[in-house]
Amino acid sequence: MSPQQIANIAHIGFLVLPNFSMIAFTNAVEPLRMANYLSRKKLYRWSVISCHDAPVAASNGLTLAPTCKPEEVPQPDVLFVCGGTGIREVVDERVISTLRRYAQAGVPLGALCTGTFALAKAGVLNGYRCSIHWENLSAIREEFPAIHFSSELFVMDRDRFTCSGGTAPLDLMLNIIRQKGGKSLAADVSEQFIVERIRDEKDLQHIPLVARIGSGHESLLEAAIAMENNIENPVSLEKLAEDLGLSLRHLERLFKRYLGTTPAQYYLDLRLRRARELLLQTSMSVMEVTVACGFQSSSHFSKSYRGVFGYPPSKERQPETHHSVM
């Protein structure tokens, strides 16, 4: 969807599935409520939808009474599927047919937490980029090869809006609110919830390395930990391999096989992600960040940063791209 189309979103539907994540759901609804409150306008309204008549229990045991059935609700501007635990057991034929009906009607679709699985199962995500909670990434990639699953916090790809669980829906909604009410309103909503920075699509989920590669790869885990512990003063890969009792070639094979990258690129990405955190969350100068992240020159840092994020580090501090609300 274009920025203007996102700005026109006013009615949001939430299709809640049994065992849905309450934290993901409330982190999606509350920013909308606060945007209405702060703007003193009814910018958004929302409907809670269920495929069944009874109240729906969240994974924490609390129940939510739906406001309507799918066939009763006026067509929303976007429909979010709210998933949680045991997602495979609750995505039945009624859920699948409901999602397909909305898709055929041209309604943009989204998902919170494991709700992405429901969209994938309904066949309405083929050819799209999307996000899902990191615990589900490995298995779902194997099951749905026609979908590109990203490790980003949230993904807005054309008419699909997907995000991981926890607090990520808050960031997704703040980015949607920014299109309608401007950066100032999004920042005001963020401040009300004591959120220091509105994260964007370039922010990744923090995926524990052991979850990415599984247990039984101690050498690879130790190498990654050593890199994390040596951001400011990077160690050479030769020294790292030697300390682990490995050849450099074997270390490279481990990274390629289990992480799909080289040790050098993994180390560089790690330092650049840390640099972005410092630029967005501290008042350190670009030069101070350059040194803190182990770069020998500002030109090398700037070139590397642009290669990953698409713009130089100095642009993070400019009003049009700075997302901090501190």
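Sequence order as written defines the numbering, with residues in each chain counted from 1. Given that the model is predicted, a residue must reach a pLDDT of at least 70 before its local features are reported, and side-chain atom pairs must reach 80 or more before they are shown or counted; all residues, however, enter totals for whole chains, interfaces and linings. With hydrogens and water excluded, all non-hydrogen atoms of the structure serve as input to the side-chain values.

Within an unreviewed UniProt entry, the label attached to the chain reads GlxA family transcriptional regulator, and the organism entered is Leeia aquatica.

(A) Quick look at the confidence of the model for the chain. The quantity known as pLDDT measures the predictor's confidence residue by residue, on a range of 0 to 100. For the chain, per-residue confidence averages 87 on the pLDDT scale, and 93% of positions sit at 70 or higher. Two residues qualify as a contact provided that any one of their heavy atoms is within 4.5 Å of a heavy atom in the partner residue. Taken as a whole, residues 320-326 scores under 50 in pLDDT and shows 24 contacts with residues more than four places along the chain or in a different chain.

(B) Region of interest: helix H7 (residues 168-192). A run of H or I in DSSP counts as a helix once it spans at least four residues, and a run of E counts as a strand once it spans at least two, with each numbered from the N terminus. A helix is expected to reach a length of 1.5 Å times the quantity of its residues less one. Across its 25 residues, H7 extends only 17 Å between first and last C-alpha, which sits more than 12% below the 36 Å expected from 1.5 Å per residue. One axis fitted to the seven residues ending at a residue, another fitted to the seven starting there: the angle between these axes is the bend at that residue. Helix geometry: H7 is bent most strongly at Gly181, by close to 130°. At the exit of H7 stands Ile194, carrying a positive phi of roughly 55°.

(C) Looking closely at the nonpolar core. By convention a nonpolar core is built from buried Ala, Val, Leu, Ile, Met, Phe, Trp, Tyr and Cys residues, the set being connected through side-chain atoms within 4.5 Å. For each residue, the accessible area found with a 1.4 Å probe, counting protein chains only, is set against the maximum for its type, and the residue is called buried under 20%, exposed over 50%, and partly exposed in between. In this structure, Phe14, Phe20, Phe25, Tyr44, Phe80, Phe161 and Ile176 are the most contacted members of the largest nonpolar core, which totals 42 residues. Within the residue set of this core, elements represented by two or more residues are strand E1 (11-16), helix H2 (22-39), strand E5 (78-82), strand E9 (154-157), strand E10 (160-163) and H7. Per element, the largest residue contribution to this core is 10 residues, and it comes from H7. With residues near it in sequence (within four places) discarded, Phe20 still touches Phe25, Val56, Ala57, Ala58, Ser59, Leu64, Cys82, Gly83 and Gly84. Listed in part, the 33 residues of the second largest apolar core include Ile87, Leu109, Ala122 and Leu125.

(D) How the structure looks around the sheet that holds E1. Ordered in space as E2-E1-E5-E6-E10-E9, the six strands form an open sheet in which the pairing is mixed. Two strands in the sheet have a free side with no partner beyond their single neighbour: strand E2 (45-49) and E9. Between one strand and the next, the sheet's axes are offset by a mean angle of 15°, whatever the strand orientation. Between any two strands, at least two bridges found by DSSP are needed for them to pair. Where E5 meets strand E6 (residues 109-112), four bridges bridge the pair, whose relative direction is parallel. Each residue of the ladder has a partner; that of Val81, found in E6, is Ala111. In this analysis, axes come from line fits to C-alpha atoms, helices being fitted only over the stretch in contact, and the angle between any two N-to-C directions falls in the range 0 to 180 degrees.

(E) Here's a closer look at empty space enclosed by the protein. Using protein atoms alone on a 1 Å grid, points that fit a 1.4 Å probe yet trap it form a cavity, whereas open point sets bounded by protein on both sides within 12 Å along at least five of seven lines form a pocket; residues with an atom within 4 Å of a point count as lining. Grid points are joined across faces, edges and corners, and a volume is the space filled by probe spheres set on the points. Under the criterion given, the structure shown has one cavity of 30 Å³ or more. Counted as a void, the largest cavity has a volume near 30 Å³. Lining the largest cavity are Val16, Leu17, Pro18, Ser50, Cys51, His52, Val56 and Val95. Lys, Arg, Asp and Glu make up the charged group, whereas Ala, Val, Leu, Ile, Met, Phe, Trp, Tyr, Cys and Pro make up the nonpolar group; the residues left over, Gly among them, are polar. Partitioning the lining of the largest cavity into residue classes produces six nonpolar, two polar and no charged.

(F) Seen up close, the environment of Arg317. Within the fold, Arg317 resides in the segment after helix H14 (298-309). Exposure remark for Arg317: the relative accessible area of 29% places this residue in the partly exposed category.

(G) How the structure looks around the packing of aromatic side chains. Within 6.5 Å between ring centres, the rings of Phe, Tyr and Trp (the latter by its six-membered ring) count as paired, and their orientation is classed by plane angle as stacked under 30 degrees, edge-to-face over 60, tilted in between. A complete count under the given rule lists 10 aromatic pairs for this structure. Aromatic side chains Phe117 and Phe144 sit 6.0 Å apart centroid to centroid with 70° between the ring planes, which places their arrangement in the edge-to-face category. Taken together, the residues Phe117 in helix H5 (residues 115-121) and Phe144 in the loop between helix H6 (137-143) and strand E8 (148-150) connect sequence positions 27 residues apart. By relative accessible area, Phe117 is classed as buried at 4%. Among the residues examined, Phe144 registers a relative accessible area of 12% and is labelled buried. Should the NZ of a Lys or the CZ of an Arg lie within 6 Å of a ring centre and within 35 degrees of the ring normal, that charge is described as sitting over the ring. Over the ring of Tyr128 we find Arg158; its NZ or CZ atom is 4.2 Å from the centre of that ring.

(H) Expanded view of the domain arrangement of the chain. What marks off one domain from the next here is an automatic or database domain assignment. The domain architecture assigned to the chain consists of domain 1 (3-193) and domain 2 (209-315). Placing a centre on the C-alpha atoms of domain 1 and another on those of domain 2 gives a separation of 33 Å.

(I) Focus on the packing of helix H9 (residues 218-228) against helix H11 (residues 248-259). Following both chains from N to C, one finds H9 and H11 inclined at 95°, their axes separated by 10 Å at the closest point. Relative to H11, H9 is oriented roughly perpendicular. Along the contact surface, H9 presents Ser219, Leu220, Ala223 and Met227, while H11 presents Leu251, Leu254, Phe255, Tyr258 and Leu259. When its residues are assigned to classes, the contact of H9 with H11 shows eight nonpolar, one polar and no charged. Roughly parallel covers angles under 35 degrees, roughly antiparallel covers those over 145, roughly perpendicular covers 65 to 115, and oblique covers all other angles.

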